[in-house]
Each structure stands twice: as C-alpha cells, then as structure tokens.
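The lines below spell out each chain.
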Amino acid sequence: MKIMVVGGGGREHALIQALKKNPEVTEIFALPGNGGIAQDAVCVDIAATDLPAIVAFAEKEHIEYAVVAPDDPLVLGLVDALEEKGIPCFGPRKNAAIIEGSKAFAKNLMKKYGIPTAEYEIFDDMEAALSYIDRRPAPMVVKADGLALGKGVLICRTREEARQAVCFMMEQGAFGASGRRVVVEEFLEGPEISVLSFTDGETVAPMVSSMDHKRALDGDQGLNTGGMGTIAPNPFYTEDVARRCMEEIFLPTIRAMAREGRPFKGCLYFGLMLTQDGPKVIEYNCRFGDPETQVVLPLMESDLFTVMRAVTDGHLKDTPVRFAKDKSACCVMIASKGYPEKYEKGFPISLPVPAEGEHIYVSGAKRQGDTLVSSGGRVLGMTATAPTLAQAVERAYALAEKVSFENGYYRRDIGKRALKVEK
Ligand code: AMP
Ligand code: GLY
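Residues numbered from 1 in each chain as written. Chains lettered and ligands numbered in written order. Predicted model: local features only at pLDDT ≥ 70, side-chain atom pairs only at ≥ 80, totals over all residues. Heavy atoms only, no water.

Caption draft 1: Unusual backbone geometry, seen in detail. A cis amide bond links Asp290 to the next residue, Pro291, at an omega of 15°. Counting through the fold element by element, Pro291 comes out in the loop between strand 17 (278–285) and helix 10 (293–296). Residue Pro340 is bonded to the preceding Tyr339 through a cis peptide linkage, with omega at 10°. Its place among the elements puts Pro340 in the loop between strand 18 (328–336) and strand 19 (348–349). Of note, the phi angle at His62 is positive, near 55°, even though the residue is not glycine. With respect to the helices and strands, the residue His62 is situated in the loop between helix 2 (51–60) and strand 4 (65–68). We note that Asp220 has phi near 55°; this positive angle belongs to a residue other than glycine. Mapped onto the fold, Asp220 is located in the loop between strand 13 (215–217) and strand 14 (221–224). The exposure class assigned to Asp220 is partly exposed, which follows from its relative accessible area of 39%. (Helix = DSSP H or I, 4+ residues; strand = E, 2+ residues; numbered from the N terminus. Buried < 20%, exposed > 50% of the residue type's maximum accessible area, 1.4 Å probe, protein only.)

Caption draft 2: Examining empty space enclosed by the protein more closely. According to the stated counting rule, one finds 2 cavities of 30 Å³ or more in the structure shown. Space inside the largest cavity adds up to approximately 90 Å³. For the largest cavity, the full set of lining residues is Ile99, Glu100, Lys103, Ala106, Lys107, Met110, Lys143, Glu185, Ile282, Glu283 and Tyr284. Contributions of two or more residues to the lining of the largest cavity are made by helix 5 (94–101), helix 6 (103–113) and strand 17. If one sorts the elements of the lining of the largest cavity by residue count, helix 6 sits on top with 4 residues. (1 Å grid on protein atoms, 1.4 Å probe; cavity = no way out; pocket = protein on both sides within 12 Å on 5 of 7 lines; lining within 4 Å. Points joined across faces, edges and corners; volume = space filled by probe spheres on them.)

Caption draft 3: Highlighting the sheet that holds strand 9 (residues 182–186). Ordered by their spatial adjacency, 4 strands build an open sheet running 6-9-7-8, and the pairing between neighbours is antiparallel. Only two strands of the sheet have a single partner each, and these edge strands are strand 6 (120–123) and strand 8 (153–156). Going across the sheet, the axis of each strand differs from the next one's by a mean of 20°, ignoring polarity. Contacting strand 6, strand 7 (140–144), strand 8 and strand 9, helix 6 crosses the sheet at an angle of about 140° to strand 6. Of the strands in this sheet, strand 6, strand 7, strand 8 and strand 9 are in contact with helix 8 (residues 159–170), which crosses strand 7 at around 5°. (Pairing = 2+ DSSP bridges. Axes fitted to C-alpha atoms, helices over the stretch in contact; angles between N-to-C directions. Contact = heavy atoms within 4.5 Å.)

That is the geometry; function is a separate question.
This is the structure:
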C-alpha cells in the first residue's frame, strides 16, 4: 500500500519508522520530510500547508492512505480536501481540528460540557480585556485564540505584564489574525502531563502518558520552546489520575465533540495539569505532540498502521491498543545554539549507529551531498528505551554524547523531575 505522511519534523520521522513496520506498507512519501526522514521514505518537496499541491500529488501518485501530522494543514482542512478525492486519512476534519485551532472554541466547549479547565474570559475588544485584567488576581495567562507556532501563550506574573501581553497581541498584532481575539485565564499550578489518544469519534484509547520539557534551559529556565525533551510514562499519571482523566476529561471531550456535530477522528492530545483540585485541561492539540511522539511510539506494542486504519474506519472499539508496561523511554532534543531565538543553520552533523532500543529522530536537518547538515531550531531527538526510566535517561544521554554537531546544545536534566517523583 502506498501511503503519504504530511509534515517534516522528528514527530513525522517517528511516525514513519513505526508505519514502516507493517508489511502492507510498501511505499511511504513524506511531504516535505527532511534529510533524516529521507532514509526511511521518499521525500517530496511540497510544503505541509500547500493544500492544492498535496491533493494533486496524492491523486497523481494514487496514494491509498494519508497521515496528516502538523496542526496547520489540519486546521486548514487538508483531511476534508483529501477525503473529497476519496483518499482515507488519519487526522481530524477541519470542523474538529478547531479544538486546537481556536482556544476560544476549546474553552467554550469545556465550559458547556463541564470539563475541568482554568477559569477564563474571551475578548474581541481590547478595552474590555484590559478592564477584566484590572479586576483579576495575578498571576494570569494571556493566550492568542489561533495558532501561533507555540508562542501564543504568555504567563503574566503581574497585571502590568498581562496588560502588555494583551496590547502585544491585540494592538501590535504580534500573532496576526491569531491574536485578534484573546483568552485571559486563571494561572494553574501543578505538574504537567501529556496524554495522546487515538479516537474514532466514539471510542478513545489513550496512549502511554508522557512529560514534555518546554523551557530551553536546565531547571526550566529560559524561553518556551517546542519541547526540549520528553520522558514516558509520566510518573505523575497514576492509575487513579488516569481513571479520573478518562471519566472527567477524555470521554466527556469525545462525546462533546460528537454532540456538537464535530466528531474527532485521529490523535487528540490532552495537555493536562494535575492541580490540587484534580486534573485540568491546559490545552487540546488536534495531533500528535512533538517530541511526545518520539517517546510514545517506541513503547507502542500494537501495530501503528493497524490502529490508524481502525480509527479511520471507526473500528477502534474492536482494536487492541497496547503499550509496553515494563519499559520507559527518554528523548533528548539537540537544538541549534540560540534556539528558540536566532540561530545559524548549515552545520555538518555526524550520527552514531543506534543500537536495539535506540532511535535517532531527525527534526531539522537536510542532506547536502552525502552529509547531513542542520536546517532548523530543533535538530535531533536522541531517544532510548530501557526497563527503567533511570536507564532510559542514561541511554538517551549516552547516545546524544556520540553525536558530532558543533552548533548543537541540549538540556542536561531531561527526566530529572520525573526521577525524583519515582523515588
Ligand atoms: P501551550 O503553548 O498552549 O502548550 O502552552 C504553553 C505552556 O504554558 C503550557 O505547557 C503550560 O506550561 C503553560 N500554561 C498554559 N496555560 C496555563 C495556565 N492556565 N496556567 C499555568 N500555566 C499555563
Ligand atoms: N510538545 C508540545 C506540542 O507538540 O505541542
């Protein structure tokens, strides 16, 4: 079967390596892919947001199944466009992808269906937002409504910071149309947990839980990034928390979307915070997380392609979705020096050969002749699995040590917080 994966980061690299394990999958195209993905799939130079070109390519190549991984093509309606041409897809339609595409939509959905989340108000008018801020206790969180490359969330310690954040988004147009509407919400505290789940709109099958490390520097210092490393499973996600999440968050969300006439099919990502009052939703993503996918898929025992097709066909209820119970995983992200701000590209990279249980997922590198050179902010996801989290962390770091990439840097404390809890 000829399939295509839309996207070109480490997440897509992990998805493609897992999809390849199914013998029915004979050919994989990656649009646009990257220099690492090129070892596992045929890369086609079409941007993930160029919907007409993607649809034309899929028709010309007689693609039989498509996996749409990034947020923007999902929110733009790529799944709808491919389905119109009769191509089955993994990923939500546009009317369901809005759960990530509009934070205001997500917040209103949670309010309407009683799903626990931070208190909030939505504003289209700047004066109204500013006056609300004056009546609220700090700290608070200001969020751009739409997609903003993961940068549209500002944690404000004081009212003054919150006022500035609102002006930044609504007056100065920092995030363009995405910030014309803002959500101002209560600041929540507690450990964060990522849970990706498969859902066909009726059944929800959570994957193994994980923990992202979003800040650029050790000790959760520095700027927010797309994610500098992950571990799985997340030790804060106990059986009791998992049960509560299923009852109070996962099933209610799936049912709410169905009831709204927006059945969600694909991977729904629950970004959770474990507060004193129990688990609450920080955000929904309409897709696999990056770099959560890089630790979740290596622990998946069921066949990914089989599960994906069950999601598409609406048979998830009858399809086992299993993850290793006695293993942990760690992914250490190697980024370009300067990321998430200014950084240089084009530095040569040489990689070790991964052993059994080790994976190198390439996020931002391209081929230049025979050499791999850096081409992005996040460059390599060095991943390892092992019987314990401590061993997985140690192995992932040992693998990262073996990389030669002059312009790279990585955090030294991925998994540290999780290891502390385990003890
Ligand atoms: P996002 O870009 O939506 O993933 O949000 C980035 C990060 O901001 C989250 O991972 C949280 O750490 C933090 N955050 C978002 N909303 C809140 C909130 N209401 N309270 C505290 N932290 C938050
Ligand atoms: N790692 C968080 C995300 O994919 O949005």
